[in-house]
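Spelled out, the chains give:
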Amino acid sequence: MLTVTAGARSLSWNKDGRKNLVDGFVFREVPVPRRDLPPFRDLRSFMSHLERAGRLVRIREPVSVVHDMTEIHRRVLRANGPALLFEAPLMPDGTAGEMPVLVNLFGTSERTAWGFGVEPAGLGALGEMLAELREPRPPRDLADAVSKIPLARAAMTMRPKTVHSPPVQEIVWRGDQIDLTRLPAQICWPGEPAPLLTWPLVITRPPEEESADEINVGVYRMQVIGRDRAIMRWLAHRGGARHHHRWQARGADMPVAVAIGADPATILSAVLPLPETLSEFRFAGLIRGERLRLSPCISVPLMAPSDAEIVIEGMVSPQETAPEGPFGDHTGYYNAVENFPVLRVTAVTMRRNPVYLSTFTGRPPDEPSRIGEVLNELFVPLVRRQLPEIVDLWLPPEACSYRMAIASIDKRYPGQARRVMLALWSLLPQLTYTKFLIVVDADINVRRWADVAWAVSTRSDPSRDLVTLTDTPIDYLDFASPKAGLGGKLGIDATRKTGAETTREWGRVLEMDAAVTARVDELWQRLGLPQMPQERPAL
């Protein structure tokens, strides 16, 4: 706990950022990234931690990268099983692979939280820190100013450290040595045309800047189409595509570096909804609790993680494209074949005895949806900054982690649920593509479908409580929309109606008297009945 004395008044905060009432006032700490686990400099140190904890299993039996590895991964992930290290992968032609394949690294919420350096219970404080970084607020008084000092100190870790002769350049392929087909990239689903790099951290920058602040790191799948060529599948609204557009305007090739198998904080930073002004590399240092080690690439003017397992360097043409797909997608369907830019590889560097990190995408649950569950926890504090009446927000992984959302609110006036719907769709980029939005009262647990279904069926009426919008931005991968990139949205107001919203007497919720509940709790052990699960309370 952090305690500060200001004048005669003692101010205190819990280390997890929860509110404390002291001397009749409520204060809130600006959370500091507090690691529950030691820093993981590289993927190997994280793997060692998982193995010691019984969360990583080595598979010595030869397993093909064509379909078989995906099916094993699927079954283990559905059972909330461990990370898997395939020590004897078989290549598409049946020959032995040159390096082991690691999958299901973030296949549980626990391991994803560990990747951020915290236990699952610490995700809320991490989300508060992320919200503060996105929208820092000036101190209200001396105590508030003092509470921000630890965050400022932690920010010192955000400046990357330059390392020469890094581990990732122990082995170098140039010229005729370059051969992407030697990487044990998976062919995950039947009908896919080629091996796919599924966990690449794609590093780009705009043509005007070389500073770390302008670097973008994103995860974009890459179809291998030759020894030194791969397709970069980045969507138009992503950072890599925006940078490429600026290089195209100059008619120039864009330098790209692709890191495979970085430390967990860097990998997860690449999938976070960070502010555009905050580099993923800088944020990774903050999460790690120590400065990220970066090294100059050997053939392109970019910096890449010094301790990554593999780095692919190359140039993306302003004109050359190739048809990509079809591949299995996070929606549970194959995507359409479309043209995307081509990367021509100029060098490949790697550590000795590298580990190849891979995954698959498909209908949830898959690894991205498990990561999405953790990102949901980090996202809620940011939403509350924008809309303080939000109690909780849930993006069900079964709905592809973003196409449906359920929000609970502290309702105080008529029309508030509709206002929240429009605000969520308009203010937050993460919900731009959300097609279905259900708003419920604070007594409803948004993470329990039984509670949500009860609220929708008892607190909403289709003639009054539906909000529909047409021709709004929609995920262009959503083939159910009538137009590519444009579709409708549906909001359901499943809150209690008040004031001008209804002229009828509203029903009262049934609940047992608290004294009766306590009395039966005390009596239960004498009834000879087995222990019954307690009803899960609303958040």
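Residues numbered from 1 in each chain as written. Predicted model: local features only at pLDDT ≥ 70, side-chain atom pairs only at ≥ 80, totals over all residues. Heavy atoms only, no water.

K.L.:
Can you walk me through the packing of aromatic side chains in this structure?
P.N.:
Counting across every chain of the model gives six aromatic pairs. Considering the side-chain rings of Y220 and W234, the 5.9 Å spacing of their centres and the 85° angle between planes classify their relative orientation as edge-to-face. Residue Y220 is located in the loop between β14 (216-219) and β15 (222-226), and its partner W234 is located in the loop between β16 (229-232) and α6 (239-249); the two are separated by 14 residues in the primary sequence. For the pair Y220 and W234, one class covers both residues: buried. Counting every residue linked through ring pairs, the aromatic cluster contains F40, F46, F106 and W199. (Phe/Tyr/Trp six-rings, centres within 6.5 Å; stacked < 30°, edge-to-face > 60°. Helix = DSSP H or I, 4+ residues; strand = E, 2+ residues; numbered from the N terminus. Buried < 20%, exposed > 50% of the residue type's maximum accessible area, 1.4 Å probe, protein only.)

K.L.:
What should I look at first to understand empty space enclosed by the protein in this one?
P.N.:
Rolled over the atoms, a probe sized like a water molecule indicates the empty space that remains. Applying the stated criterion across every chain, the model contains two cavities of 30 Å³ or more. A volume near 30 Å³ is recorded for the second largest cavity. Around the second largest cavity, the lining residues are V168, Q169, S295, P296, C297, A304, P305, V311, E313 and T349. Mapped by element, the contributors of at least two residues to the lining of the second largest cavity are β18 (293-296), β19 (303-305) and β20 (310-324). Across the lining of the second largest cavity, the residue classes tally to six nonpolar, three polar and one charged. (1 Å grid on protein atoms, 1.4 Å probe; cavity = no way out; pocket = protein on both sides within 12 Å on 5 of 7 lines; lining within 4 Å. Points joined across faces, edges and corners; volume = space filled by probe spheres on them. Nonpolar A, V, L, I, M, F, W, Y, C, P; charged D, E, K, R; others polar.)

K.L.:
Would you mind showing me how to read the sheet that holds strand β24 (residues 404-409) here?
P.N.:
The pairing of strands in a sheet comes from backbone hydrogen bonds and takes either a parallel or an antiparallel form. Read across the sheet, five strands follow the order β23-β24-β25-β27-β26 without closing on themselves; strand pairing throughout is mixed. Each of the sheet's edge strands pairs with one partner strand only, and the pair in question is β23 (390-394) and β26 (466-473). Taken over all neighbouring pairs, the strand axes of this sheet differ in orientation by 20° on average, direction set aside. Note that β26 and strand β27 (residues 486-494) share six bridges and pair antiparallel. Residue pairing for β27: L469 is matched across the bridge by K489. Relative to β27, helix α10 (residues 416-427) is tilted by about 150°, and along the sheet it contacts β23, β24, β25 (436-441), β26 and β27. Taken strand by strand, helix α11 (residues 449-459) contacts β24, β25 and β27, and its axis lies near 80° from that of β27. (Pairing = 2+ DSSP bridges. Axes fitted to C-alpha atoms, helices over the stretch in contact; angles between N-to-C directions. Contact = heavy atoms within 4.5 Å.)

K.L.:
Just checking my understanding: could you explain the sheet that holds strand β5 (residues 56-59) for this structure?
P.N.:
A sheet is described by the order of its strands in space; here four strands give the open sequence β5-β7-β9-β22, paired in mixed fashion. Strands at the two margins of the open sheet, each flanked by one partner only, are β5 and β22 (356-357). Bridging between β5 and strand β7 (residues 83-86) involves four bridges; their strand directions are parallel. Looking at β7, one finds that L56 is bridged to A83. Relative to β5, helix α1 (residues 43-52) is tilted by about 100°, and along the sheet it contacts β5, β7 and β9 (101-103). Packed onto the sheet, helix α2 (residues 68-78) meets β7 and β9 and runs at close to 155° relative to β7.

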